[in-house]
Amino acid sequence: MRNPTSYFTSFVLGALCIGAQPATAQQTLPPELQGGPVSSVPTAVQIARWHVLDGDINTLTFRSMDRLFTTRTVAHSGTPWLLPRVDAPLDFTYSFGGKTYRADEFLERTYTNALLVMKNGKIVSEIYRNNSDENSRFIAWSMTKSITSLLVGCALADGKIKSIEDPITAYLPELKGGGYDGVTIRQILEMRSGVDYEERYDFAHPGVAAYNHINALVKNVVRFADVARTIKRAHAPGSTFQYKTLDTAVLGWLIERVSGTTVAGYTSQKLWEPLGAESDAFYIMDGQPGVGREFSGAGFNATLRDFAKIGQMMLDGGKANGRQVIPAGWVKTSTAASTPADPKAPGMPSGYAMQWWLLDNSGAFTALGLQGQYIYVDPRSRTVVVKISYFPPGGEDAPTAETGAFLHAASAWNPK
């Protein structure tokens with residue numbers, strides 16, 4: 001038998017003789033991440049964060065954010081609220097694009113990692129796919145905005161915010177002199193701040209939003225909300241609906257300021273513990289503790305069933321397991337249309353309230369996150385659907401439309 005060491009030596013020498021080159025010593029940041037302030041985040045981690053949305057890995061990254069980012073825990077405690085269940089097969093169909101599909105076909109067709117359907121307060125279907133399970137904590141992306149809205153409602157009820165008609169500068173004087181000067185909390189909740197922040201992430205031709213994403217979330221060299229100090233104004237406050245994560249980041253800063261604690265701490269105190277969550281949740285951060293803040297616009301992570309509890313609580317007027325968690329008046333106010341929904345688009349998010357999307361004119365509303373995250377609530381049929389997805393970036397239109405068709409059919413479904 002040939003000596004393995006001698007075989008390896010021969011292989012290396014042979015490779016060198018034919019001109020093989022040694023491997024590159026280290027990774028290099030892509031051009032978009034080069035330049036600007038120097039980051040202490042390791043190069044490999046910056047690159048991993050840069051690719052977190054990529055369609056070939058997001059089924060995994062979307063439930064592994066605590067491996068990629070600094071996080072802050074939202075602790076659960078006490079006896080959890082165990083949702084009752086009456087399991088039933090998804091034995092309905094839905095129509096999309098002129099064809100009819102079985103409900104189980106929907107899962108693969110729309111890049112589903114997990115799905116939970118509730119009817120009349122009971123789980124009728126709970127499905128995990130792609131090696132996820134009941135312990136997986138999924139990124140909410142912009143469903144986080146709806147959670148931030150709930151926290152504003154709690155701060156209002158606690159008297160920490162006197163009125164949502166107050167100017168934001170009454171609580172965050174750092175924003176005086178910029179685009180947010182003269183803007184009310186209500187206008188920010190409704191995405192009508194008027195500041196010049198286009199929610200466009202064209203990294204080949206980056207604007208304010210793209211640079212903010214790179215510097216705050218990938219490199220952690222600035223805080224995501226800090227651009228609000230100097231942002232300009234594009235429209236008169238209240239005049240124009242324009243969806244922007246910066247508005248919600250400012251609301252998170254507001255919560256931090258008025259609560260006297262962290263956003264994660266306030267979420268635990270006012271929502272997660274009284275909700276009866278089964279598992280700890282967490283926020284991803286835009287920097288290390290001491291300087292970083294929770295990414296209150298899109299950084300919340302939780303399990304499928306705990307997301308469902310938020311939906312059921314909203315359906316029940318702010319009550320969870322018989323306990324009033326969110327003021328009933330805030331549930332009603334925060335889901336009332338400020339931008340009307342399109343009645344010609346059944347199941348599609350087309351109208352807006354206070355950090356909640358409205359679907360057609362049925363009274364249904366949803367928390368909605370990037371690349372297919374949903375907490376859907378239909379009061380008429382007492383339906384709650386949580387869908388956790390991994391839509392491909394840049395290819396969200398078709399699965400979003402098909403999800404709308406599925407949600408419309410799920411609301412009409414009566415399990416046997």
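Here, the structure is the one placed above.
Quick look at the structure, then. The structure presented is a predicted model; accordingly, all values stated were derived computationally and were not measured.

How each quantity is defined
Within any chain, residue numbers begin from 1 and follow the written order of that chain's sequence. Residue-level local features of this predicted model are given only where pLDDT is at least 70; pairs of side-chain atoms are given and counted only at 80 or more, and the full residue set underlies all totals for whole chains, interfaces and linings. The basis for every side-chain value is the complete set of heavy atoms in the structure, and neither hydrogens nor water enter the calculation. Labels follow the DSSP assignment, with helices taken as runs of H or I lasting at least four residues and strands as runs of E lasting at least two, numbered in each case from the N terminus. When we talk radius of gyration, it's over C-alpha atoms, and the globule rule is simply 2.2 Å times the number of residues to the 0.38. Relative accessibility decides the category of a residue: with a 1.4 Å probe and only protein chains considered, values under 20% of the type maximum give buried, values over 50% give exposed, and everything between is partly exposed. Strand pairing is defined by DSSP finding a minimum of two bridges between the two strands. This arc is built from the directions going out from the helix axis to the C-beta atoms. In this description, contact between two residues means that some pair of their heavy atoms is separated by no more than 4.5 Å. Each axis is a line fitted through C-alpha atoms, and for a helix only the stretch in contact is used; angles between axes span 0 to 180 degrees, taken between their N-to-C directions. Each Phe, Tyr or Trp ring, with Trp reduced to its six-membered ring, pairs with another whose centre is within 6.5 Å; inter-plane angles below 30 degrees give stacked pairs, above 60 give edge-to-face pairs, and intermediate values give tilted ones.

## A closer look at the overall build of the chain
Across its full length, the chain carries 12 helices and 15 strands. Rg of the C-alpha trace for the chain: 23 Å, near the compact-globule value of 22 Å for 416 residues, within the 12% margin. Projected onto its principal axes, the C-alpha positions of the chain cover 80 × 60 × 45 Å. The burial tally for the chain puts 54% of its 416 residues in the buried class.

## Topic: the pairing of strand S2 (residues 93-96)
As paired elements, S2 and strand S3 (residues 99-102) share four bridges and run antiparallel to each other. Looking across to S3, one finds that threonine 93 is bridged to arginine 102. With antiparallel pairing between neighbouring strands as the criterion, S2 and S3 make up a hairpin whose turn holds two residues, including glycine 97 at a positive phi of roughly 60°.

## Remarks on the pairing of strand S13 (residues 364-369)
With six of six residues buried, S13 is to be regarded as a mostly interior element. Burial along S13 is two-sided: the face carrying Ala364, Thr366 and Leu368 and the face carrying Phe365, Ala367 and Gly369 are both buried. With three bridges joining them, strand S12 (residues 357-359) and S13 adopt antiparallel strand pairing. Within the sheet, the bridge partner assigned to leucine 359 lies in S13 and is alanine 364. In this structure, the hairpin formed by S12 and S13 is closed by a connection of four residues, where aspartate 360 is found at a positive phi of approximately 40°. The pairing of S13 with strand S14 (residues 373-378) spans five bridges and is antiparallel.

## Details of helix H2 (residues 43-50)
Burial in H2 covers these residues: Gln46, Ile47, Arg49 and Trp50. An end-on view of H2 places all buried positions within 160° of arc, on one side of the element. Next to the buried residues of H2 lie helix H7 (208-218).

## Quick look at the sheet that holds strand S4 (residues 112-119)
Pairing between the strands of a sheet comes from backbone hydrogen bonds, and it takes one of two forms, parallel or antiparallel. Taken in spatial order, the seven strands of this open sheet run S5-S4-S15-S14-S13-S12-S11, and their pairing is antiparallel. In this open sheet, the two strands that pair with only one neighbour each are strand S5 (122-128) and strand S11 (349-352). Across this sheet, the average inter-strand angle for adjacent strands is 20°, counted without regard to direction. In the sheet, S4 pairs with S5 via six bridges, with the strands oriented antiparallel. Residue leucine 116 lies in a different strand from S5, and its bridge partner there is glutamate 126. Each of S4, S5, S13, S14 and strand S15 (383-389) is contacted by helix H10 (residues 304-315), which is oriented at about 145° to S15, the strand it contacts most. Contacts between helix H12 (residues 397-412) and the sheet are confined to S4, S11, S12, S14 and S15, with S14 contributing the most and set at about 30° to the helix.

## Description of H7
Of all 11 residues that make up H7, nine are buried, and the element is covered over most of its length. The secondary structure elements touched by the buried residues of H7 are H2.

## Side note on the packing of aromatic side chains
By convention here, two paired aromatic rings are described through the distance between centres and the angle between planes. The tally for this structure, following the rule as stated, stands at 19 aromatic pairs. Between tyrosine 111 and phenylalanine 391, the aromatic rings sit 6.3 Å apart at their centres with planes inclined by 70°, giving edge-to-face as the arrangement. Residue tyrosine 111 is found in the loop between helix H4 (103-109) and S4, and its partner phenylalanine 391 is found in the loop between S15 and H12; the two are separated by 280 residues along the sequence. Residues tyrosine 243 and tryptophan 357 carry aromatic rings whose centres are separated by 5.6 Å and whose planes lie at 35° to one another, so their mutual orientation is tilted. Of this pair, tyrosine 243 sits in the loop between H7 and helix H8 (245-259) while tryptophan 357 sits in strand S12, placing them 114 residues apart in sequence.

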